[in-house]
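# Residue-level structure breakdown
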Amino acid sequence: MKHLLKLSDLSKEEIIEILDLADKLKKERKEGIDHPILKGKTLGMIFTKSSTRTRVSFETGMYQLGGTAMFLSSRDIQLGRGEPICDTARVLSRYLDGIMIRTFDQSDVEDLAKYGSIPIINGLTDYAHPCQVLADLQTIREHKGKLEGLKICFVGDGNNMANSIIVGCIKVGMSVAIACPDNYKPDVDIMKWASENGEFLCTSNIAEAVKDADVVYTDVWASMGQEDEAEKRKIAFKDYCVNANTMSYAKNDAMVLHCLPAHRGEEITAEVLEAHANEIFDEAENRLHAQKAILVKTMA
Ligand code: CP
Ligand code: NVA
């Protein structure tokens, strides 16, 4: 695997291989075994947006694999002053062994890969969050023992998380339902692809979408970069909350996932979050293990 730009670039087999390796690395880590597979290698981490999980799990993951990671805030590097991606890519390729980037435009991530000569990993764009969904799939498989045939329902904004959940979950044979207001649907091309390649539903009817779900997933109503729309979105999304009533439509043993950070009282109630804290914080932990697998697959 050369890069991880978006999940549609991966085959089902490649996704399962990443999950298997993530499970193995997780088990070995718990047993105190670390492999210095990336000894002497450096990952640059470009951040144009904030992060807790992505930053800390990538940095820790590189360290556990014997390498090192460098935090590059776009505010502090010349990229933030307008140096073009094509030049940044060629320069950083001379120093680093891989780049993880979190930014706005998916095209910036694709351009880094196009102009650079080292592996590029998408750490979140407005379009996709592939690393999160690989950790999510690892978590679902851990808790449910399988992926194929399960139903996931995403409740809320048709954002980067919704896009990547659709692609990742359809690829592994899950059924995907999205409950969102009409004006906040996921990417049109992704929805078309999903309808042609699996069982997919997008509706504004939350009860219909959540019905018999094995996994209920939600994310913030206003993503990073949409802060000035927060008030407008609070009105548009007020009925799209994962609360006890929403969960009553899902299977009795349904799990709840949230990529975090969570806004209690908006997209999820404190009660539901705390009842499913075990699943949600396993999910956060699995960012580390899944990303170590991604780092090994792209940089080793
Ligand atoms: N879920 C996620 O990507 O978290 P951070 O924004 O903290 O990295
Ligand atoms: N949709 C959210 C995800 C955060 C991990 C955002 O882009 O801000």
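Residues numbered from 1 in each chain as written. Chains lettered and ligands numbered in written order. Predicted model: local features only at pLDDT ≥ 70, side-chain atom pairs only at ≥ 80, totals over all residues. Heavy atoms only, no water.

## A short note on the site of ligand 2
- Surveying the vicinity of ligand 2 reveals the residues Leu124, His129, Asn159, Asn160, Asp219, Val220, Ser223, Met224 and Leu260.
- Measuring from a nitrogen atom of ligand 2, one finds a side-chain N or O atom of Asp219 at 2.6 Å.
- Separating a nitrogen atom of ligand 2 from a side-chain N or O atom of Ser223 is a distance of 2.7 Å.
- Relative to its free-state accessible area of 270 Å², ligand 2 is covered by the protein chains to the extent of 95%.
- Per-class residue counts for the shell around ligand 2 are four nonpolar, four polar and one charged. (Near = heavy atom within 4 Å. Polar contact = N/O pair within 3.5 Å; in protein donor to acceptor, adjacent residues only side chain to side chain. Areas by Shrake-Rupley, 256 points an atom, 1.4 Å probe, with all protein chains shown as cover. Nonpolar A, V, L, I, M, F, W, Y, C, P; charged D, E, K, R; others polar.)

## Here we look at the pairing of strand β1 (residues 42-47)
- Within β1, six of the six residues are buried, which leaves the element mostly enclosed by the surrounding structure.
- Residues Thr42, Gly44 and Ile46 point to one face of β1 and Leu43, Met45 and Phe47 to the other, with burial holding for every one of them.
- Examined bridge by bridge, β1 and strand β2 (residues 68-73) share six bridges and lie parallel to one another. Within β2, the residue paired with Thr42 across the bridge is Thr68.
- One crossover worth recording links β1 to the parallel β2 by way of helix α2 (residues 53-64), and it is right-handed.
- Here five bridges tie β1 to strand β3 (residues 98-102), and the two strands are oriented parallel to one another. The partner of Gly44 across the bridge, within β3, is Ile99. (Buried < 20%, exposed > 50% of the residue type's maximum accessible area, 1.4 Å probe, protein only. Helix = DSSP H or I, 4+ residues; strand = E, 2+ residues; numbered from the N terminus. Pairing = 2+ DSSP bridges. Right-handed = clockwise from strand over helix to strand, strands pointing away.)

## A few points about the nonpolar core
- Leu134, Leu137, Ile152, Ile166, Met174 and Leu295 are the most contacted members of the largest nonpolar core, which totals 56 residues.
- It is helix α6 (residues 160-171) that contributes the most residues to this core, seven residues altogether.
- Ile166 has contacts with Val176, Ile178, Pro186, Ile190, Met191, Trp193, Ala194 and Phe200, leaving out every residue within four places of it along the chain. (Core = buried A, V, L, I, M, F, W, Y, C linked by side-chain atoms within 4.5 Å. Contact = heavy atoms within 4.5 Å.)

## Looking at the packing of α6 against helix α7 (residues 188-197)
- Two elements in contact, α6 and α7, have axes separated by 10 Å at closest approach and are oriented at 20°. With respect to α7, the axis of α6 lies roughly parallel. Judged by the sense of rotation from one axis to the other, the crossing of α6 with α7 is left-handed. Residues Asn163, Ile166, Val167, Ile170 and Lys171 of α6 pack against Ile190, Met191, Trp193, Ala194 and Asn197 of α7. (Axes fitted to C-alpha atoms, helices over the stretch in contact; angles between N-to-C directions. Parallel < 35°, antiparallel > 145°, perpendicular 65-115°, else oblique. Left-handed = near helix turned anticlockwise from the far one by under 90°.)

## A few points about the pattern of salt bridges
- Counted under the stated rule, the structure contains 23 salt bridges.
- For Asp34, the salt bridge identified is with Arg29, shortest N-O distance 2.4 Å.
- When its relative accessible area of 35% is taken as the criterion, Asp34 is described as partly exposed.
- In this structure, the salt-bridge partner of Asp214 is Lys251, at a minimum N-O distance of 3.0 Å. With Asp214 in the loop between α8 (206-210) and β8 (215-218) and Lys251 in the loop between α10 (244-247) and β9 (255-258), the pair connects residues that are 37 residues apart, well separated along the chain.
- Ionic contacts of the salt-bridge type, sharing partners, join the residues Lys6, Asp9 and Glu110 into one network. (Salt bridge = Lys/Arg side-chain N within 4 Å of Asp/Glu carboxyl O.)

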